[in-house]
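# Observations on chain architecture
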Amino acid sequence: MALTLYVDTDRWRAHQQSVIQQFPGIVPVCKGNGYGFGHERLSDEVTRFGSDVMAVGTTYEAARTKDFFGGDLLVLTPYRRDEEPVPLPDRVIRSVSSVEGVGLMRGARVVIEVMSSMKRHGVTEADLGRLHAAIDEVRLEGFAIHLPLDRTDGTDAVDEVIGWMDRLRTARLPLDTMFVSHLKPDEFARLQQQFPQTNFRARIGTHLWLGDHAATEYRGSVLDVTRVGKGDRFGYRQQKTAGEGWLVVVAGGTSHGVGLEAPKALHGMTSRAKGVARAGLATVNRNLSPFVWGGKQRWFAEPPHMQVSILFVPDDAPEPKVGEELVAHLRHTTTMVDRTVDR
């Protein structure tokens, strides 16, 4: 009995191929929990479709993934002077976001991140004059720009990249390779057309692995079902049931990421109103679970346990049976499953 990720493998891989074709030279990203699939599984997929480099989030991830993937590994988190040293092979490429950082990476393979409108990290235009001497001491693999997902001010992603290409060219810095993120296929094609001498490489994770939502599905096994009447006490806190129905114990708890939710950016009055409503219900211990039964998401009977959740299913719904599975709407990047099943 488990929380399972079911994968329609043919459909999932067909989507991968469509993305690869739209972004020649793609750099697949495998970071965090491996987008719900795990680093080993995604490393196998990248090896299968033949990419020469894969991006990971941290040096710790690179140390784990080096045994699964035989190509180059690009660490996306920039080098920091006081970071803990992690033994890594020469095929690991480090991101660097400052002139000082480049100077400390003597002899290493590096990608230099430029400051984008994300304003997260990167070298600035004022730094470019000092980069000449610094890059002579490293093996420069290229520059990189990490772009925002949304552009509420109406600016153009391609124009932002072109602006940086012009700055780098004016500073007489090499434009052999530029790593980019969060571009649409037509935007990527425009850049390739405008700068034919530059090898643009798109770093893509979410869209590559999770772009076809129908290719994957989470399901939790029903472990126990107990009939309850209105007012019956149950659980750790001995709360009372709200009515007639069943307490359903289903595989999937906090250790799997069930009940954990990343904050969302809310746009518009409708989404904000829904957020206020959810918060209000939570104050009276009414929390909607990700598990679906009888065509509806069901309420947690109490907060999820470490490895299971207890749901309340009212008696106007079909009675769940031990061994059946409930579909679960879970976020891939925060979920750890017991098993993955290809079908």
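Residues numbered from 1 in each chain as written. Predicted model: local features only at pLDDT ≥ 70, side-chain atom pairs only at ≥ 80, totals over all residues. Heavy atoms only, no water.

### Quick word on the domain arrangement of the protein chain
As a reminder of what qualifies: How far each domain reaches was decided by an automatic or database domain assignment. Whether two residues are in contact is decided by their heavy atoms, any of which lying within 4.5 Å being enough. Here the quantity called buried area is the total loss of accessible area, with a 1.4 Å probe, experienced by two parts when brought into contact, counted for both. Here, a salt bridge means any side-chain nitrogen of Lys or Arg that lies within 4 Å of a carboxyl oxygen of Asp or Glu. Throughout this description, a polar contact denotes any pair of N or O atoms lying within 3.5 Å of each other; where both atoms belong to protein, one of them has to be capable of donating a hydrogen while the other can accept it, and for residues adjacent in sequence the pair is counted only when both atoms sit in side chains. By the convention adopted, Pro, Cys, Tyr, Trp, Phe, Met, Ile, Leu, Val and Ala count as nonpolar, Lys, Arg, Asp and Glu as charged, and the other residues, Gly among them, as polar.
Looking at the assigned domains, one finds that the protein chain contains domain 1 (8-211) and domain 2 (216-342). Taken over C-alpha atoms, the centre of domain 1 sits 38 Å from the centre of domain 2. Of the residues lining the interface, 7 residues belong to domain 1; the matching set on domain 2 comes to 10 residues. Here domain 1 packs against domain 2, burying approximately 740 Å² in sum over the two surfaces, 51% of which is carbon and sulfur. Joining domain 1 to domain 2, the criterion identifies 1 salt bridge. In this structure, the salt-bridge partner of Arg 41 is Asp 342, at a minimum N-O distance of 2.8 Å. Where domain 1 packs against domain 2, one counts 5 residue pairs in polar contact (both at pLDDT 80 or more). Within the side of domain 1 that touches domain 2, the residues separate by chemical class into 3 nonpolar, 3 polar and 1 charged.

### Description of empty space enclosed by the protein
For clarity, the threshold we go by: Grid points spaced at 1 Å over the protein atoms alone were grouped into cavities, where a 1.4 Å probe fits but cannot get out, and pockets, open sets with protein on both sides within 12 Å along at least five of seven lines, with lining residues defined by an atom within 4 Å of a point. Grid points are joined across faces, edges and corners, and a volume is the space filled by probe spheres set on the points.
If you walk through the whole model with that rule in mind, you get 1 cavity of 30 Å³ or more. In this structure, the largest cavity encloses a volume near 50 Å³. Lining the largest cavity, in full, are Glu 113, Val 114, Met 115, Ser 116, Met 118, Lys 119, Arg 120, His 121 and His 146. Class assignment of the residues belonging to the lining of the largest cavity gives a composition of 3 nonpolar, 3 polar and 3 charged.

### A closer look at the nonpolar core
The condition is simple: By convention a nonpolar core is built from buried Ala, Val, Leu, Ile, Met, Phe, Trp, Tyr and Cys residues, the set being connected through side-chain atoms within 4.5 Å. For every residue, the accessible area (1.4 Å probe, protein chains only) is compared with the maximum for its type, and the residue is labelled buried under 20%, exposed over 50%, or partly exposed between those bounds. Note on conventions: DSSP H or I runs of at least 4 residues are helices, E runs of at least 2 residues are strands, and numbering of each starts at the N terminus.
Grouped together as the largest cluster of nonpolar side chains are 87 residues, with contacts concentrated most on Phe 37, Leu 131, Phe 200 and Trp 209. Per element, the largest residue contribution to this core is 7 residues, and it comes from helix α6 (residues 157-170). Inspection of this core shows a minimum of three residues originating in each of domain 1 (8-211) and domain 2 (216-342). Contacts of Leu 131, omitting those with residues within four sequence positions, involve Val 99, Val 102, Ile 112, Val 123, Phe 143 and Leu 173. Phe 234, Val 249, Ala 301 and Val 308 belong to the second-largest nonpolar core, a separate cluster that totals 8 residues.

### Considering the sheet that holds strand β9 (residues 199-204)
Sheet strands associate in pairs through backbone hydrogen bonding, adopting either a parallel or an antiparallel arrangement. Heads up, the rule is: Pairing between strands is defined by DSSP: at least two bridges between the two strands are required.
Overall, parallel pairing links the 8 strands, which are arranged β2-β9-β8-β7-β6-β5-β4-β3 in an open sheet. Every interior strand has two partners, whereas the edge strands, β2 (27-28) and β3 (53-56), have only one. As defined by bridge partners, strand β4 (residues 72-75) adjoins strand β5 (residues 92-96) across 3 bridges and the pair is classed as parallel. Bridge pairing links Leu 73 to Val 92 in β5.

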